[in-house]
Amino acid sequence: MSTSHSMRPGDPRWVELYTSDPDRSIAFYGELFGWTAERAGEELGGYITFRKDGAAIAGAMARMAGDTESPEQWTVYLASPDAQATADAAVAAGATVVVPPMPVGELGHMAVLGDVGGAGIGVWQAGTFGGFETIGLVTAGQWRDHAGAPSWFELHTRAYDASLAFYRDVFGWSDTFTIADSPEFRYTTIHAESPMLGGVMDASAFLPEGAPAGWTVYFGADDVDKTIEQVVELGGSVLTPAQDTPYGRMASVADATGARFSIGGSV
(Lines give C-alpha, C1' and ligand atoms only; values in the text may rest on other atoms or scores of the structure.)
Protein backbone atom coordinates (compact mmCIF):
# COMPACT_ATOMS: atom_id res chain seq x y z
CA MET A 1 0.00 0.00 0.00
CA SER A 2 1.05 3.59 -0.51
CA THR A 3 1.98 5.94 2.27
CA SER A 4 -0.57 8.73 2.37
CA HIS A 5 0.42 11.73 0.27
CA SER A 6 1.13 15.18 1.71
CA MET A 7 -2.04 16.73 3.07
CA ARG A 8 -3.65 19.58 1.21
CA PRO A 9 -6.70 21.50 2.44
CA GLY A 10 -9.86 19.76 1.30
CA ASP A 11 -8.24 16.37 0.76
CA PRO A 12 -10.01 13.29 2.17
CA ARG A 13 -8.10 12.45 5.34
CA TRP A 14 -10.24 9.96 7.26
CA VAL A 15 -13.34 7.78 7.09
CA GLU A 16 -15.43 6.83 10.08
CA LEU A 17 -18.12 4.22 10.61
CA TYR A 18 -21.11 4.95 12.85
CA THR A 19 -22.43 1.57 13.97
CA SER A 20 -25.02 0.15 16.33
CA ASP A 21 -22.98 -3.05 16.75
CA PRO A 22 -19.23 -2.39 17.03
CA ASP A 23 -18.36 -6.03 17.68
CA ARG A 24 -20.20 -7.17 14.55
CA SER A 25 -18.57 -4.40 12.50
CA ILE A 26 -15.11 -5.36 13.75
CA ALA A 27 -15.72 -8.98 12.80
CA PHE A 28 -17.14 -8.05 9.37
CA TYR A 29 -14.28 -5.81 8.25
CA GLY A 30 -11.68 -8.02 9.85
CA GLU A 31 -12.87 -10.98 7.77
CA LEU A 32 -13.46 -8.95 4.60
CA PHE A 33 -10.33 -6.78 4.49
CA GLY A 34 -8.03 -8.24 7.13
CA TRP A 35 -8.33 -5.17 9.33
CA THR A 36 -7.36 -5.26 12.99
CA ALA A 37 -9.12 -3.06 15.56
CA GLU A 38 -7.88 -1.05 18.51
CA ARG A 39 -10.28 0.40 21.09
CA ALA A 40 -9.44 3.64 22.85
CA GLY A 41 -10.21 4.26 26.50
CA GLU A 42 -13.31 5.88 27.97
CA GLU A 43 -11.74 9.33 27.60
CA LEU A 44 -12.25 8.92 23.83
CA GLY A 45 -15.53 7.07 24.12
CA GLY A 46 -14.05 3.68 23.25
CA TYR A 47 -13.25 4.90 19.73
CA ILE A 48 -12.16 2.15 17.35
CA THR A 49 -9.18 2.54 15.03
CA PHE A 50 -8.98 0.04 12.19
CA ARG A 51 -5.54 -0.87 10.89
CA LYS A 52 -4.28 -2.68 7.80
CA ASP A 53 -0.77 -4.11 8.10
CA GLY A 54 -0.28 -1.87 11.13
CA ALA A 55 -1.29 1.40 9.42
CA ALA A 56 -4.33 3.40 10.55
CA ILE A 57 -6.91 3.17 7.80
CA ALA A 58 -10.37 4.01 9.23
CA GLY A 59 -12.25 4.62 12.45
CA ALA A 60 -15.53 3.61 14.04
CA MET A 61 -17.70 4.77 16.89
CA ALA A 62 -20.65 3.12 18.58
CA ARG A 63 -24.14 4.56 18.23
CA MET A 64 -24.73 6.97 21.08
CA ALA A 65 -27.18 6.03 23.80
CA GLY A 66 -30.64 7.32 22.98
CA ASP A 67 -29.88 7.82 19.28
CA THR A 68 -32.61 5.93 17.43
CA GLU A 69 -32.63 7.93 14.19
CA SER A 70 -29.09 8.20 12.83
CA PRO A 71 -28.36 5.59 10.16
CA GLU A 72 -25.50 3.13 10.04
CA GLN A 73 -23.07 4.99 7.82
CA TRP A 74 -19.56 5.84 6.72
CA THR A 75 -18.56 9.51 6.96
CA VAL A 76 -15.76 11.01 4.85
CA TYR A 77 -13.63 13.70 6.54
CA LEU A 78 -11.85 16.43 4.58
CA ALA A 79 -8.71 18.19 5.82
CA SER A 80 -8.95 21.70 7.23
CA PRO A 81 -6.29 23.92 8.83
CA ASP A 82 -9.00 25.39 11.10
CA ALA A 83 -12.20 23.43 11.75
CA GLN A 84 -14.02 26.41 13.28
CA ALA A 85 -13.18 28.70 10.36
CA THR A 86 -14.29 25.99 7.91
CA ALA A 87 -17.59 25.54 9.75
CA ASP A 88 -18.16 29.30 9.77
CA ALA A 89 -17.42 29.54 6.05
CA ALA A 90 -19.70 26.58 5.36
CA VAL A 91 -22.63 28.19 7.18
CA ALA A 92 -22.05 31.45 5.31
CA ALA A 93 -22.19 29.42 2.06
CA GLY A 94 -25.54 27.85 2.95
CA ALA A 95 -24.49 24.66 4.77
CA THR A 96 -25.64 23.43 8.16
CA VAL A 97 -23.65 22.29 11.19
CA VAL A 98 -24.52 18.75 12.31
CA VAL A 99 -21.74 18.36 14.89
CA PRO A 100 -20.07 21.62 15.98
CA PRO A 101 -16.28 21.84 15.94
CA MET A 102 -14.79 20.15 18.98
CA PRO A 103 -11.40 18.92 20.19
CA VAL A 104 -10.62 15.20 20.20
CA GLY A 105 -8.01 15.15 22.92
CA GLU A 106 -4.67 16.13 21.39
CA LEU A 107 -5.44 14.23 18.20
CA GLY A 108 -7.13 17.17 16.49
CA HIS A 109 -10.47 18.91 16.02
CA MET A 110 -13.50 17.54 14.18
CA ALA A 111 -16.87 18.72 12.93
CA VAL A 112 -19.63 17.34 10.70
CA LEU A 113 -21.52 19.52 8.23
CA GLY A 114 -24.46 19.18 5.89
CA ASP A 115 -23.30 20.68 2.57
CA VAL A 116 -25.43 22.80 0.22
CA GLY A 117 -26.80 19.66 -1.46
CA GLY A 118 -27.71 17.97 1.82
CA ALA A 119 -24.76 15.56 1.95
CA GLY A 120 -22.98 14.97 5.25
CA ILE A 121 -19.27 15.73 5.26
CA GLY A 122 -16.75 15.64 8.09
CA VAL A 123 -14.01 18.17 8.84
CA TRP A 124 -10.67 17.13 10.33
CA GLN A 125 -8.09 19.59 11.69
CA ALA A 126 -5.03 17.54 12.47
CA GLY A 127 -3.29 17.68 15.82
CA THR A 128 -1.07 14.76 16.73
CA PHE A 129 -3.05 12.56 14.32
CA GLY A 130 -3.01 13.46 10.64
CA GLY A 131 -5.46 10.88 9.34
CA PHE A 132 -4.84 8.00 6.93
CA GLU A 133 -1.47 6.36 7.34
CA THR A 134 -1.93 4.53 4.05
CA ILE A 135 -4.29 4.72 1.07
CA GLY A 136 -4.73 3.05 -2.30
CA LEU A 137 -4.14 4.94 -5.52
CA VAL A 138 -6.30 5.04 -8.65
CA THR A 139 -4.75 6.14 -11.94
CA ALA A 140 -6.44 5.81 -15.35
CA GLY A 141 -8.67 3.01 -14.12
CA GLN A 142 -5.84 1.06 -12.53
CA TRP A 143 -6.15 0.50 -8.79
CA ARG A 144 -2.73 0.15 -7.14
CA ASP A 145 -1.54 -0.75 -3.63
CA HIS A 146 -5.16 -0.81 -2.61
CA ALA A 147 -6.44 -4.13 -1.26
CA GLY A 148 -8.61 -3.28 1.75
CA ALA A 149 -7.57 0.38 1.69
CA PRO A 150 -9.63 3.55 1.18
CA SER A 151 -8.88 4.42 -2.43
CA TRP A 152 -11.52 6.82 -3.82
CA PHE A 153 -14.02 9.25 -2.29
CA GLU A 154 -17.11 10.32 -4.21
CA LEU A 155 -20.00 12.74 -3.71
CA HIS A 156 -23.34 11.94 -5.37
CA THR A 157 -25.45 15.08 -5.44
CA ARG A 158 -28.43 16.66 -7.16
CA ALA A 159 -26.85 20.11 -6.62
CA TYR A 160 -23.81 19.54 -8.82
CA ASP A 161 -22.83 23.12 -9.69
CA ALA A 162 -23.64 24.49 -6.24
CA SER A 163 -21.72 21.67 -4.55
CA LEU A 164 -18.60 22.27 -6.63
CA ALA A 165 -18.70 25.97 -5.79
CA PHE A 166 -19.19 25.10 -2.11
CA TYR A 167 -16.18 22.80 -1.87
CA ARG A 168 -13.99 25.20 -3.82
CA ASP A 169 -14.92 28.13 -1.59
CA VAL A 170 -15.10 26.36 1.78
CA PHE A 171 -12.45 23.64 1.52
CA GLY A 172 -10.07 25.26 -0.95
CA TRP A 173 -10.41 22.91 -3.90
CA SER A 174 -8.36 24.96 -6.35
CA ASP A 175 -7.36 22.55 -9.12
CA THR A 176 -10.44 20.47 -9.89
CA PHE A 177 -10.70 18.73 -13.26
CA THR A 178 -13.90 18.22 -15.24
CA ILE A 179 -13.87 14.71 -16.72
CA ALA A 180 -17.27 15.01 -18.42
CA ASP A 181 -19.98 17.64 -18.68
CA SER A 182 -22.80 16.22 -20.77
CA PRO A 183 -26.45 15.65 -19.83
CA GLU A 184 -25.68 11.92 -19.51
CA PHE A 185 -22.59 12.24 -17.30
CA ARG A 186 -21.23 15.17 -15.30
CA TYR A 187 -18.17 14.48 -13.15
CA THR A 188 -15.38 16.59 -11.66
CA THR A 189 -12.36 15.28 -9.76
CA ILE A 190 -10.92 16.85 -6.60
CA HIS A 191 -7.53 17.36 -8.28
CA ALA A 192 -6.42 17.71 -11.87
CA GLU A 193 -3.34 15.51 -11.41
CA SER A 194 -2.71 12.21 -9.66
CA PRO A 195 -3.52 11.44 -7.00
CA MET A 196 -6.99 12.77 -7.86
CA LEU A 197 -8.44 11.04 -4.76
CA GLY A 198 -12.10 11.36 -5.64
CA GLY A 199 -14.76 13.47 -7.27
CA VAL A 200 -18.25 14.90 -7.53
CA MET A 201 -20.95 13.27 -9.67
CA ASP A 202 -24.21 14.80 -10.82
CA ALA A 203 -26.57 12.13 -9.50
CA SER A 204 -29.83 13.88 -10.39
CA ALA A 205 -30.80 11.22 -12.92
CA PHE A 206 -30.31 8.14 -10.76
CA LEU A 207 -30.74 9.01 -7.06
CA PRO A 208 -34.11 7.51 -6.04
CA GLU A 209 -36.80 9.94 -4.94
CA GLY A 210 -36.31 10.71 -1.27
CA ALA A 211 -32.75 9.32 -1.19
CA PRO A 212 -30.33 11.90 0.22
CA ALA A 213 -27.17 13.12 -1.43
CA GLY A 214 -24.09 11.63 0.12
CA TRP A 215 -20.40 10.81 0.07
CA THR A 216 -19.20 7.24 -0.35
CA VAL A 217 -15.82 5.63 0.20
CA TYR A 218 -14.42 3.02 -2.19
CA PHE A 219 -12.28 0.32 -0.63
CA GLY A 220 -9.94 -1.45 -3.00
CA ALA A 221 -10.11 -5.15 -3.85
CA ASP A 222 -7.80 -7.40 -5.84
CA ASP A 223 -10.88 -9.33 -7.00
CA VAL A 224 -14.09 -7.27 -6.86
CA ASP A 225 -16.42 -10.20 -7.55
CA LYS A 226 -14.86 -12.42 -4.90
CA THR A 227 -15.03 -9.56 -2.40
CA ILE A 228 -18.75 -9.10 -3.13
CA GLU A 229 -19.31 -12.80 -2.48
CA GLN A 230 -17.55 -12.40 0.86
CA VAL A 231 -19.72 -9.39 1.74
CA VAL A 232 -22.84 -11.52 1.32
CA GLU A 233 -21.34 -14.49 3.19
CA LEU A 234 -20.57 -12.17 6.11
CA GLY A 235 -24.14 -10.88 6.32
CA GLY A 236 -23.92 -7.85 4.05
CA SER A 237 -25.82 -7.14 0.85
CA VAL A 238 -25.24 -6.01 -2.74
CA LEU A 239 -26.82 -2.67 -3.63
CA THR A 240 -25.39 -2.24 -7.14
CA PRO A 241 -23.86 -5.30 -8.86
CA ALA A 242 -20.29 -5.14 -10.11
CA GLN A 243 -19.77 -3.57 -13.51
CA ASP A 244 -16.81 -2.67 -15.67
CA THR A 245 -16.28 1.05 -16.31
CA PRO A 246 -13.49 3.10 -17.89
CA TYR A 247 -12.38 3.75 -14.31
CA GLY A 248 -12.24 0.16 -13.08
CA ARG A 249 -14.64 -2.54 -11.90
CA MET A 250 -16.99 -1.22 -9.23
CA ALA A 251 -19.89 -2.23 -7.01
CA SER A 252 -21.93 -0.76 -4.18
CA VAL A 253 -22.64 -2.85 -1.08
CA ALA A 254 -23.79 -2.61 2.53
CA ASP A 255 -22.08 -4.19 5.51
CA ALA A 256 -23.64 -6.49 8.11
CA THR A 257 -25.36 -3.60 9.92
CA GLY A 258 -26.45 -1.75 6.77
CA ALA A 259 -23.70 0.85 6.30
CA ARG A 260 -23.13 1.55 2.60
CA PHE A 261 -19.73 1.58 0.92
CA SER A 262 -18.28 0.81 -2.50
CA ILE A 263 -15.67 -1.61 -3.79
CA GLY A 264 -13.29 -0.88 -6.65
CA GLY A 265 -10.53 -2.66 -8.51
CA SER A 266 -8.85 -2.93 -11.87
CA VAL A 267 -10.79 -4.57 -14.71
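Here the structure is shown first, and the text comes after it.
Residues numbered from 1 in each chain as written. Predicted model: local features only at pLDDT ≥ 70, side-chain atom pairs only at ≥ 80, totals over all residues. Heavy atoms only, no water.

Chemist: Tell me about the pattern of salt bridges, residues and numbers included.
Modeler: The final tally for this structure, using the stated rule, is 11 salt bridges. We note a salt bridge from Arg51 to Glu38, for which the minimum N-O separation is 3.1 Å. On the criterion of sequence distance, the pair formed by Arg51 in strand β4 (residues 48-52) and Glu38 in strand β3 (residues 36-39) is long-range, its members being 13 residues apart. We classify Glu38 as partly exposed; its relative accessible area is 41%. We note a salt bridge from Arg186 to Asp181, for which the minimum N-O separation is 3.0 Å. The class of Asp181 is exposed, set by a relative accessible area of 56%. (Salt bridge = Lys/Arg side-chain N within 4 Å of Asp/Glu carboxyl O. Helix = DSSP H or I, 4+ residues; strand = E, 2+ residues; numbered from the N terminus. Buried < 20%, exposed > 50% of the residue type's maximum accessible area, 1.4 Å probe, protein only.)

Chemist: Give me the lowdown on the packing of helix α2 (residues 83-92) against helix α3 (residues 160-171), citing residues and values where you can.
Modeler: Two elements in contact, α2 and α3, have axes whose closest approach is 9 Å; the angle formed by their N-to-C orientations is 145°. Between α2 and α3 the crossing geometry is right-handed. Across the interface between the two elements, Thr86, Ala89 and Ala90 from α2 touch Phe166, Val170 and Phe171 from α3. (Axes fitted to C-alpha atoms, helices over the stretch in contact; angles between N-to-C directions. Left-handed = near helix turned anticlockwise from the far one by under 90°. Contact = heavy atoms within 4.5 Å.)

Chemist: Summarise the environment of Gln230; cite the residues concerned and give the values.
Modeler: Here Gln230 lies in helix α4 (residues 224-233). Separated by 144 residues in the primary sequence, Gln230 and Thr86 place their C-alpha atoms 39 Å from one another.

Chemist: Kindly report on the sheet that holds β4, identifying the contributing residues and their values.
Modeler: Across the sheet, which stays open at both edges, the eight strands sit in the order β3-β4-β5-β2-β6-β9-β8-β7 with mixed pairing between neighbours. A strand with exactly one partner marks an edge of an open sheet, and here the two such strands are β3 and β7 (96-104). On average, each strand axis in the sheet is tilted by 25° relative to the strand beside it, whichever way the strands run. In the sheet, β3 pairs with β4 via four bridges, with the strands oriented antiparallel. What sits directly across from Thr36, in β4, is Arg51. Strand contacts of α2: β7, β8 (108-114) and β9 (120-126), with the helix running at about 175° to β7, the strand carrying the most contacts. (Pairing = 2+ DSSP bridges.)

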